[in-house]
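# Observations on the model geometry
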Amino acid sequence: MNKLLTVSLSPHVHGKDSTSRLMTGVVIALLPAWAVSVYFFGWAALYLPVLSVVFCMIFEFLIQKYMLKKASSLKDGSAVVTGLLLAFTLPSNLPIWILAIGALIAIGVGKMSFGGLGTNPFNPALVGRVFLFISFPVQLTSWPVPKGFHTSLTDAVTGATPLGMLKEGMRSGEQVSTLLKNVPDHMQMFLGYMGGSMGEVAAAALLLGFLYLLWKKIITWHIPVTILTTVFLFSGLLWLINPANNADPVFHLLTGGVMLGSIFMATDYVTSPMTPKGMIIYAIGIGLLTVIIRRWGAYPEGVQFAILIMNAFVPLINMYVKPKRFGEVKKNG
Amino acid sequence: MEYFVILISAIFVNNIVLAKFLGICPFMGVSSRLETSVGMTGAVAFVMVLATIVTYLLQYYVLNPLGLGFMQTITFILVIAALVQMVEIVLKKVSPELYQALGIFLPLITTNCAVLGVAILTIQGKYNLPEAVVFSFSTALGFGLALVLLSSIREALDMVEVPNGMKGIPIAFVVAGILAMAFLGFAGLV
Amino acid sequence: MNQWKNFNKGLIAENAIFVQVLGMCPTLGTTTSAYNGLGMGLATTFVLVMSNIVVSLVRNYIPDKVRIPSFIVIIASFVTVVELTMQAYLPSLFEELGLFIPLIVVNCLVLGRAEAFASKNTVWSSTLDGLGMGLGFTLALFMLGSVREILGSGAWLGMKFIRGDGMLIFVLAPGAFLALAYLIAIMNKFNRKNA
Amino acid sequence: MSNTVLYTVISLSALGAISAVILYFIAQKFKVTEDPRIDEVEDVLPHANCGGCGYPGCRQFAEACVKADSLEGLFCPVGGNEVMAQVAEILHLETVEEEPRVAVIRCQGSFEHRPRTSHYEGVSTCAVEHALYTGDTDCPWGCLGLGDCVEACNFEALYMDEKTGLPVVIDENCTACGACVEACPRDIIELRKRNKKDRKIFVSCINEDKGGVARKYCSVACIGCSKCFQVCPFDAITMRNNLAFIDSDACRLCRKCVPVCPTHSILEINFPAPKVKKELVTTAAANSSGKAGGQTDAAAGKNASSGDSTEPQNKND
Amino acid sequence: MAKKESTLLSMFLALFLVTLISAIILGFVYEFTKDAIAASRAAKQTEALKKVLPPFNNNPVQEMYKKAVDGDTLYFFPAREDSVLVGIAVNTFSPKGFSGMIRIMVGFLPDGTIKDVAVLEHKETPGLGEKMVRSKSNWSVQFQGKNPKTYRLAVKKDGGDVDAITASTISSRAFCDALERAYKNLTEGGAK
Amino acid sequence: MTVQKNQLKTFPKGGVHPAENKLSAGSPIKILPLPDRVIIPVVQHLGAPAEPVVQKGDTVVAGQLLAKSKGFVSANIHSSVSGKIFRIEARFDASGYKRLSFVINRHEDEWDPAIDRSDTLHEKITVSREEIIRKIQEAGIVGMGGATFPTHIKLNVPKGKKADILIINGVECEPFLTADHRLMLEKSKELMVGIHLLMKALEVDKAVIGIEQNKPDAIALLNGLAEKSPGITVQALKVKYPQGGEKQLIKAITGREVPSGALPVDVGAVVHNVGTTLAAYEAVQKNKPLMERIVTVTGKSLQDPSNFLVRIGTPVAEVIEAAGGLPDDTGKVVLGGPMMGKAVSKLDIPVTKGTSGILIIPDSEAHRMPVQPCIRCAKCVSVCPMGLEPYLLMLLGQHQLWDKARQERALDCIECGSCSFVCPADRPLLDYIRLDKMRIGALIRKEKKAVS
Ligand SMILES: Cc1cc2nc3c(=O)[nH]c(=O)nc-3n(C[C@H](O)[C@H](O)[C@H](O)COP(=O)(O)O)c2cc1C
Ligand SMILES: Cc1cc2nc3c(=O)[nH]c(=O)nc-3n(C[C@H](O)[C@H](O)[C@H](O)COP(=O)(O)O)c2cc1C
Ligand SMILES: Cc1cc2nc3c(=O)[nH]c(=O)nc-3n(C[C@H](O)[C@H](O)[C@H](O)COP(=O)(O)O)c2cc1C
Ligand SMILES: Cc1cc2nc3c(=O)[nH]c(=O)nc-3n(C[C@H](O)[C@H](O)[C@H](O)CO)c2cc1C
Ligand code: SF4
Ligand code: SF4
Ligand code: SF4
Ligand code: SF4
Ligand code: FES
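Residues numbered from 1 in each chain as written. Chains lettered and ligands numbered in written order. Predicted model: local features only at pLDDT ≥ 70, side-chain atom pairs only at ≥ 80, totals over all residues. Heavy atoms only, no water.

### Let's talk about the site of ligand 6
- Around ligand 6 lies a shell of 14 residues, among which C222, I223, C225, C228 and C261 of chain D are the nearest.
- Each residue belonging to the shell around ligand 6 can be placed in one class, and the counts come to 10 nonpolar, 4 polar and no charged. (Near = heavy atom within 4 Å. Nonpolar A, V, L, I, M, F, W, Y, C, P; charged D, E, K, R; others polar.)

### With respect to the packing of aromatic side chains
- Evaluated as defined, the whole model comprises 23 aromatic pairs over all chains.
- Considering the side-chain rings of Y56 of chain B and Y60 of chain B, the 4.6 Å spacing of their centres and the 50 degrees angle between planes classify their relative orientation as tilted. Of the two residues, Y56 of chain B and Y60 of chain B are both situated in helix α3 (residues 34–66); the distance of 4 residues between them amounts to about one turn of the helix.
- A relative accessible area of 10% places Y56 of chain B in the buried class.
- On the basis of an interplanar angle of 75 degrees and a centroid distance of 5.3 Å, the ring pair of F183 of chain B and F186 of chain B is categorised as edge-to-face.
- Judged by relative accessible area, F183 of chain B falls into the buried class, the value being 5%.
- Taken together, the ring pairs connect F133, Y299 and F305 of chain A into an aromatic cluster. (Phe/Tyr/Trp six-rings, centres within 6.5 Å; stacked < 30°, edge-to-face > 60°. Helix = DSSP H or I, 4+ residues; strand = E, 2+ residues; numbered from the N terminus. Buried < 20%, exposed > 50% of the residue type's maximum accessible area, 1.4 Å probe, protein only.)

### Brief notes about a nonpolar patch on the surface
- On the surface, Y35, I150, L151, W156, L157, M159, F161 and I162 of chain C cluster together into a nonpolar patch covering about 720 Å² of accessible area.
- Here M159 of chain C is to be found in strand β2 (residues 159–160). (Patch = residues over 30% accessible without salt bridge, like charges linked within 9 Å, V, L, I, M, F, W, Y side chains within 5 Å. Areas by Shrake-Rupley, 256 points an atom, 1.4 Å probe, with all protein chains shown as cover. Salt bridge = Lys/Arg side-chain N within 4 Å of Asp/Glu carboxyl O.)

### Digging into the interface of chain F and chain A
- Opposite the 61 residues of chain F that make contact, chain A presents 35 residues.
- For the pair chain F and chain A, the summed buried area comes to about 4100 Å², and 56% of that belongs to carbon and sulfur atoms.
- Scanning the region where chain F abuts chain A turns up 7 salt bridges.
- Of the charged contacts in the structure, one is a salt bridge between R325 of chain A and E408 of chain F, with a shortest N-O distance of 2.7 Å.
- Taken together, the links from chain F to chain A amount to 25 residue pairs in polar contact (both at pLDDT 80 or more).
- Counting only elements with at least two residues in the side of chain F that touches chain A, the list comes to α6 (246–254), β15 (330–335), β16 (342–344), α9 (363–366), α10 (379–383), α11 (390–398), α13 (418–422) and α14 (429–451) of chain F.
- Looking at the side of chain F that touches chain A element by element, the count peaks at 5 residues for β15 of chain F.
- Of the residues in the side of chain F that touches chain A, the class split is 30 nonpolar, 12 polar and 19 charged. (Contact = heavy atoms within 4.5 Å. Buried area = accessible area lost by both parts, 1.4 Å probe. Polar contact = N/O pair within 3.5 Å; in protein donor to acceptor, adjacent residues only side chain to side chain.)

### Overview of the domain arrangement of chain F
- Segmentation of chain F into domains returns domain 1 (29–115 + 289–365), domain 2 (130–286) and domain 3 (379–451).
- Centre-to-centre, using C-alpha coordinates, domain 1 of chain F lies 31 Å away from domain 3 of chain F. (Domains from an automatic or database assignment.)

Put into structure tokens, the structure is as follows:
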């Protein structure tokens, strides 16, 4: 035999998972929500996410090549997920140049500044989205009303999201119970017939994606289920105490970015804790903050801030919440 | 004003570092390690509350009666400086480890604008004495929260390859920026 | 030659903000526009120079234990002078800079220079040092203010060049942090290349 | 003078005076009796915190020096004698001079001299590869070439030569802190006396296998033939376990042993090449065949020379 | 550097002297600038008054009267030209701003028409609520010449006639709230 | 007793399920033709090398003692063939280094007459507990489940401790390997006697044979036998790697958790591999020392994956030859299974007591993927059966923070490789964890030295 044998440490086999496979899985899980979005918001919802992905990939490529001078990592697909999720959190009537700024911030500030995939403490798509939200409050808070597939960018009618209507109404001193009469009913919201950002409207489609992610073992149930439960319980508690001034818990679950955020964004590996216990703590934090901001804060929606804030706690959680060690010796004294 | 509102406001909504831009130097300086940042928080909280009480009395019982409002800055800072020096001397004796860890930052608490800033803000905010104490203490907590978060993140970043140009201070500022962004979510809570 | 260095180093090589990361609070708090940055920078420079001079004059007469309180009092006096003067003659700028004028007292840069330089050097060196550091500080503030004004309001020195608003975030706290982060990164790169 | 000015003066100077008095008493009460010399000693140390002295950091070393009655056994390899002299002066103690030392790599098994027999894949650390097996070659003694030593060096005194796959010491950067010695799982690196102009003669091999065995996997291994031992006029060479070792204290750099070694195991470094013309051809050959191997003093440009023209003799058993 | 020994006396003297000298200097600087500061403060108020009122030749500050409402105070400044009332400026407030208290000087003509408004004090967000300040945007121009009798002082979202500042409904609402408070109290017996 | 799904036990936390690839499961054990020359190292076990008692040039018979155990943790070494000692010299073995070995040129096949070579089953146990242990010690038996820890030490329960259950490890959770499986099928009766022997040695009245569900034939067969043997039961286990790990198996079967740093006997359990058990039977009832073992030779590109009964010392190359020869595209040869086995650099090394399998991996599957950044997916954390955080241990290793790694309990790692297996970013987690463990070991040694 003239070939040299390869010698390495065990194990000598490797599982099927790879980074790019996982990322592809997330993209697949997002497809149903995308489809619903295109159905409700028209062509813009089709091409804006594509553009967002393209922007993200271009920025990642350029930064890597010219600033970090490292080999390109586009293949791993994380920029695609970031691009897609960024677009999904934005309204479909957003000017393209704003989208481009968002992609630059998401990739440039949110991800590459820290060194690229796996290093960033904050969710890049949310960094991009919150940046835009604060920079362009006008454009980011005018929501197209779902009209159907024929809607085009130009003739979109803007209105408020259900949460927006609620907050606005509460500001002017109206009762929540009367306000809720004007918003779509729960079934409509479940299917996505309401104003909102491209990817967040259809709870049904997002849940379908969730099931896919669970099935493919891409994520575990801990984060999404805990967030949704916390939101449900906390808002339910408030509602029971004072139904006149608080929206019902189902309303809270179906509106805004709770579904998208809890299933796809809070679960981002890089920015979430490493242990089930840690994930649950993190998720409870997100749930509570979301409801607190929605109920008492200046903004109608709190998921994006809640996730970013809890992202900041992740290193602490990882430091102090450890998995249950096998054969842990209880130290006394 | 309710104490709870003061608390929430000072910790989250008007966080001293992330919203008010005070105390940034120690915020950047001691945040590279979690342990020191916890110690720093303690030191700052102690000095802040103490300084607020003393300056409060000074303002309302000396300066105002004498019509010396313009002397606020100079008297306050003198009091704070003396106070910090005392803390430093005492700490060196009582806990040399903490003294070592906080290193040059102890004298820098003097020049931590947060301390003077809080003293002045207390007067501007027209708090009464108990409120002033709550305010200064919760401000210190807010400082500590931001500091602990930043330092835990920086410690985690030590383990990964941050691009050369961004290492150290720049990336810490980026983190602070994103933190400040996230904390804007608390806007309107009070 | 040597003296020139005392002045020069503060501008770039040992720039208070970009290199030493001192005096961050006014840097971030007052730079919503280039003009404010400039004003704050010059006010600080004045205090810095004057206190450096006085500290280096009295340095040999101050006992160690009261060194910091004494220096602080000296600095605070000049700050109060600036405060009063500005209130009297530049009331609008004073309003913009707000709390940060009294806070020059605690600008780490000022005390830091008093401690690290003026207390060990002659009057003339200290003057130049203060001037260099102050101008470096002013320069940095001006740059940061410019960046934030351009991005945040689409204007420079008050002259607007776009319609509508800029990216609001740069006027607010997060934008200040981010802008400074990247400015420091760029300056680092620049400094390293020069070195 | 108005009242305001009067009040100002009174209140402020009163405040100043009170502060001064309080500070004074507090300072008295909480006086810390830390030996100020610790700071002084720490100040003169190089602040490399490399641990070369055997203490976790410079401050701890400083404390140890202050506490110690004599400086014996306390040495900062980075600062060297100069710094230790300063320390001694501060503490009013005698210095203990240490011979300046420098690291040398005792292996010449470049790619050419040691055939590869397998291909290692995995993390690039010598420690791990060493634990796994003999390495890419069959030599269980020689350098693994994954650079744990380079990684360990705080002073950029080591680098890996891409061509030979062996580490190279940059003499002037080397502080002899010993970090590389500690790091190398195969104990290949030795700290040797620096000598004048960093001249050194040493056996660049630590192979204790029998000659015949060693020859099979490496053409420049010490085969334990004792020729050098016999030729050495100063008894500087000892033979143990089929391996020659040159004691750097006893060696007087006469270079007699260099040419007699049949496998070119003995290296001479930083000597002028006396017979340049004559040797030109062999020098080139020797250099390219890694004769100078890991030992080139790259920065100084004074290459190891080549004093040796004996062709390797095939002495199989 | 020859370090001064820290004895009680030297410490006392040093700090005492430093503060003493500072105090003397400051005292004099204060004396010197006192009037200028007072003048510039007063100038600000009259500036605002001049801006929001038609020309007058009395001193409205002297004729100022107060009214305590909603936990704070409204200040009324009657302006006269040759003793004829030409308008009243109200220093009004609203606590409902995005970041707290807003104080506005609003000038009414005798028939209740708004002559003009000027923001005295606010903490609203730069770039958003800050646009209520004239130097930042022309938003507040819309109030000129409007009579609250017919013109509903509320943002359009709440069924009023005021165009809100984009993305700053809260600030706009507070602004209207302040004007409304001034108008209500003026008509409820404030006016002479 | 029939096996029901809901009775399947397993360990609760972590684990993976690599493709089983038990290619040779259906191939009965064949006797490998005797090699002409064997190489028998003096260390084939965990612990101190044995001391040679024969000399170069001596003639030996199969089963003759070659080297005597020296020290507390050590084991005897016997000749596996008859012939002449050609040399006693350092030879490469599976450790990757040269070790002192007997090189014996075989001549015929003459056995020590004391050995009972017949096929008769000796069921009756006549010897005392001490005698059993002594015989096992003399036979040089070591754990054949991979750790090669001398068996007699494990049987000598330390004073003050008491074992109450014997667990027989028939899990064979490693992919590809089938040696234990075949052994259970073909030597079941002997196995039962061996279990009784070990029970007697340990003075326990309960033994459980743990077998993974993917060997239903073995479960059924042993179940039938166990019903007739009081005290012995068969426990079917869910298929999950590393079920065969001692701590995991104890947890799965008894629910007890061996504390960190403690031994299985501390929770009253002793685990022995089925191969070890059979060897114990042969040693006690047939006087046969440990001189041959069952080896699985397997691999996807191998012509004829098989199970062989191989004399200790047979060169690996010859075993491969018997299974159809080394395929051309071979990239890696592993002794043991793919998860824990050791890759070797040459094939003239001998089969030793711990060699359970020889795995041939084609070049296309022999290489690692490029390392990518950790995406913190936490998959490594969730599969680690020991509840560690492999990603963190690797980072700590990379940054040389050994103290921290020690606090994070790197030493608890059983090196099962599940973490490296599952990592989507292809990170060499276990490589670095091993580095951690080595460095921590050095630290501990240093500390101990400082103390003494
Ligand atoms: C940093 C920040 C500062 C804000 N400041 C103000 C403000 O000064 N005034 C205001 O009315 N709204 C402010 N907002 C609130 C938002 O712009 C929000 O859209 C507003 O509550 C309602 O929007 P609308 O005016 O379009 O109905 C601020 C938002 C952000 C992100
Ligand atoms: C990860 C891992 C997997 C193991 N798998 C098996 C196995 O499948 N079968 C086995 O008999 N031993 C296996 N072992 C070895 C056992 O832990 C244990 O050493 C053995 O069962 C004890 O019996 P022995 O001393 O007779 O070998 C494994 C060990 C580890 C660490
Ligand atoms: C130093 C040492 C002492 C041991 N002592 C005992 C013992 O007294 N009793 C016992 O049952 N096993 C003992 N063992 C064996 C281990 O518990 C274990 O069975 C062996 O390491 C193989 O397990 P594995 O294959 O799962 O790694 C000892 C192991 C070591 C390393
Ligand atoms: C389950 C899952 C969720 C993800 N969610 C996000 C996300 O919310 N935002 C984002 O920018 N990238 C997301 N990514 C992609 C990737 O992890 C992210 O870009 C990294 O944070 C970049 O370092 C996700 C990836 C996975 C596998
Ligand atoms: S000298 Fe030692 S540490 Fe350095 S590369 Fe060679 S084997 Fe590795
Ligand atoms: S002459 Fe060379 S090979 Fe012989 S003993 Fe000396 S060094 Fe070794
Ligand atoms: S850390 Fe160790 S025990 Fe845990 S999965 Fe990895 S190899 Fe197995
Ligand atoms: S499995 Fe790999 S990528 Fe995932 S957390 Fe562990 S090391 Fe990181
Ligand atoms: S300027 Fe340094 S802390 Fe504020």
